[in-house]
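Inside the fold
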Amino acid sequence: MENYVSVIITCPPGQQRDILIGWLDDLGYEGFEEREEELVASLPEPRFDPKALEELLLPLGLRHRRELQQPVNWNARWEASFSPVRIGDFCGIRAAFHPPVEDVLHEIIITPRMTFGTGHHATTSAMIRLMQKLDFSGKKVLDFGTGTAILALLAERCGAAAVCAVDNDGWAVRNARENLTENNSRNIMVEEADRVPPGAGSWDIVLANLNRHILVEQLPALEAALSPGGSLLVSGILEADGALMTATAARYGLAPAEQLLCDGWLALRFGKS
Ligand SMILES: C[S@@+](CC[C@H](N)C(=O)[O-])C[C@H]1O[C@@H](n2cnc3c(N)ncnc32)[C@H](O)[C@@H]1O
């Protein structure tokens, strides 16, 4: 195992921290430990680029310090801190080593790794709440940016006939496949790709919990993938970006049908006529 550099950034919890984690992830940081007033992000020493870090943190006015660490098993550390999640009485999410989540309609088992999609984040739980109101029976579903496959698995549990789950991160794809096995999934196919799969008008429901930038870029492809009368559910949008998202969707003929605001994050459902 190689040495790691840990960067300890003074940044209280909230939206700025969530966004910062996304940007650090883009820079190749792997381990994120959230403390009360600090965010600790780590990556292998050979990949540490102090200039890129300065360029990111300076404009934000965030103070940081660095430490060289002995090898850390982030998966083990994360596994130890993973707790079950309950989304009302609709859905429970837990690891295989937890006891069952009681009195929920659907239960999803996630093998804790460093992949996004455990139900803890507001963007995922808002998607789940939007999904609760849709009829998935016999539907064909595309989950673009599947992460752990949490939403794909829930779609299957809700009766979807076929689910295609796509992610551009090889680690996420591996974890998604592991979770399909853990949940005895039969109707989900996972693909490693960074584009919406071909097949215009193929999908009755498209799920996309990404971020504003990727969503705006992918909207034409997501709309084209939807069948007439289909629903597109998106999340990962800051409240302030809601109007931009709705206006962009309207340009591609997608009409707003529902929206949920959760901890400053918006999840939206659009309909295709
Ligand atoms: C915010 S996570 C959502 C995970 C899960 N669907 C959820 O709702 O919790 C976004 C996922 O999209 C993936 N992703 C980002 N850009 C992508 C792209 N262009 N193509 C495919 N996947 C992408 C990331 O690797 C990440 O796993």
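All figures in this text were calculated on a predicted structure; none of them were measured in a lab. (Residues numbered from 1 in each chain as written. Predicted model: local features only at pLDDT ≥ 70, side-chain atom pairs only at ≥ 80, totals over all residues. Heavy atoms only, no water.)

A word on the state of the cysteines
- Within this structure, the stated rule accounts for zero disulfides.
- Here Cys 11 is not cross-linked by a disulfide; its sulfur's nearest cysteine counterpart is in Cys 262, at 19 Å.
- Owing to a relative accessible area of 0%, Cys 11 belongs among the buried residues under this scheme.
- Between Cys 164, a free cysteine, and Cys 158, which holds the nearest cysteine sulfur, the sulfur-to-sulfur gap is 18 Å.
- A residue is classified by how much of its surface remains accessible, and Cys 164, at 3% relative accessible area, is buried. (Disulfide = S-S within 2.5 Å. Buried < 20%, exposed > 50% of the residue type's maximum accessible area, 1.4 Å probe, protein only.)

Notes on the nonpolar core
- Membership of the largest hydrophobic core comes to 37 residues, with the highest contact counts inside it found for Ile 93, Ile 128 and Phe 136.
- Those elements that place two or more of their residues in this core are strand S5 (85–87), strand S6 (91–94), helix H4 (122–132), helix H5 (150–157), strand S9 (162–167), helix H6 (170–182), strand S10 (188–192) and strand S11 (203–209).
- At six residues, H5 tops the list of elements feeding residues into this core.
- If we skip the residues at most four places from it in the chain, Phe 136 touches Met 131, Val 141, Ala 155, Cys 158, Gly 159, Ala 160 and Ile 205. (Core = buried A, V, L, I, M, F, W, Y, C linked by side-chain atoms within 4.5 Å. Helix = DSSP H or I, 4+ residues; strand = E, 2+ residues; numbered from the N terminus. Contact = heavy atoms within 4.5 Å.)

Examining the pairing of S9
- Counting buried positions along S9 yields five of six residues, so the element is predominantly enclosed.
- Where strand S8 (residues 140–144) and S9 come together, five bridges link them in parallel fashion. Within S9, the residue paired with Asp 143 across the bridge is Ala 165.
- Of the crossover connections in this fold, the one passing from S8 over H5 to the parallel S9 is right-handed.
- Relative to S10, S9 is paired through five bridges, and the arrangement is parallel. Counted as the bridge partner of Ala 165 is Val 190 from S10. (Pairing = 2+ DSSP bridges. Right-handed = clockwise from strand over helix to strand, strands pointing away.)

Examining the sheet that holds strand S4 (residues 64–69)
- In spatial order, the strands read S2-S3-S1-S4; together these four strands make up an open sheet with antiparallel pairing. Bordering the open sheet on either side are strand S2 (31–34) and S4, each of which pairs with just one other strand. Across the sheet, the mean angle from the axis of one strand to that of its neighbour is 20°, orientation sign disregarded.
- With six bridges joining them, strand S1 (residues 4–10) and S4 adopt antiparallel strand pairing. Its bridge partner being in S4, Ser 6 is matched across the sheet by Glu 67.
- Sheet strands touched by helix H1 (residues 15–26): S1, S2 and strand S3 (38–44). Its angle to S3, the strand with the most contacts, is close to 10°.
- Along the sheet, helix H2 (residues 50–57) makes contact with S1 and S4, crossing S4 at roughly 150°. (Axes fitted to C-alpha atoms, helices over the stretch in contact; angles between N-to-C directions.)

Topic: the environment of Arg 65
- For Arg 65, the location among the structural elements is in strand S4.
- The spacing of Arg 65 and Ala 122 is 57 residues in sequence and 29 Å in space, taken between C-alpha atoms.
- Ignoring sequence-local partners within four residues, the contact set of Arg 65 consists of Ser 6, Val 7, Ile 8 and Glu 38.
- In this structure the side chain of Arg 65 is engaged in a polar contact, spanning 3.0 Å, whose partner is the side chain of Glu 38. (Polar contact = N/O pair within 3.5 Å; in protein donor to acceptor, adjacent residues only side chain to side chain.)

Structural notes on the UniProt feature "binding site: S-adenosyl-L-methionine" (unreviewed entry) in the protein chain
- Using the residue numbers shown here, the UniProt feature "binding site: S-adenosyl-L-methionine" (unreviewed entry) corresponds to Thr 124, Gly 145, Asp 167 and Asn 209.
- In this structure, Gly 145 sits in the loop between S8 and H5.
- Residue Gly 145 is classed as partly exposed on the basis of its relative accessible area, which comes to 23%.
- What Gly 145 contacts, discounting residues up to four positions off in sequence, is Val 166, Asp 167, Asn 209 and Leu 210.
- You can see Asp 167 is positioned in strand S9. (UniProt positions renumbered as here; feature names shortened; annotations may be inferred.)

Digging into the packing of aromatic side chains
- By the definition in use, this model includes zero aromatic pairs.
- Its end group placed over the ring of Trp 203, Lys 140 keeps NZ or CZ at 5.0 Å from the ring centre. (Phe/Tyr/Trp six-rings, centres within 6.5 Å; stacked < 30°, edge-to-face > 60°. Lys NZ or Arg CZ within 6 Å of the ring centre and 35° of its normal.)

Points about H4
- Of all 11 residues that make up H4, nine are buried, and the element is covered over most of its length.
- Those residues of H4 not exposed but buried are Ala 122, Thr 123, Thr 124, Ser 125, Ala 126, Met 127, Ile 128, Leu 130 and Met 131.

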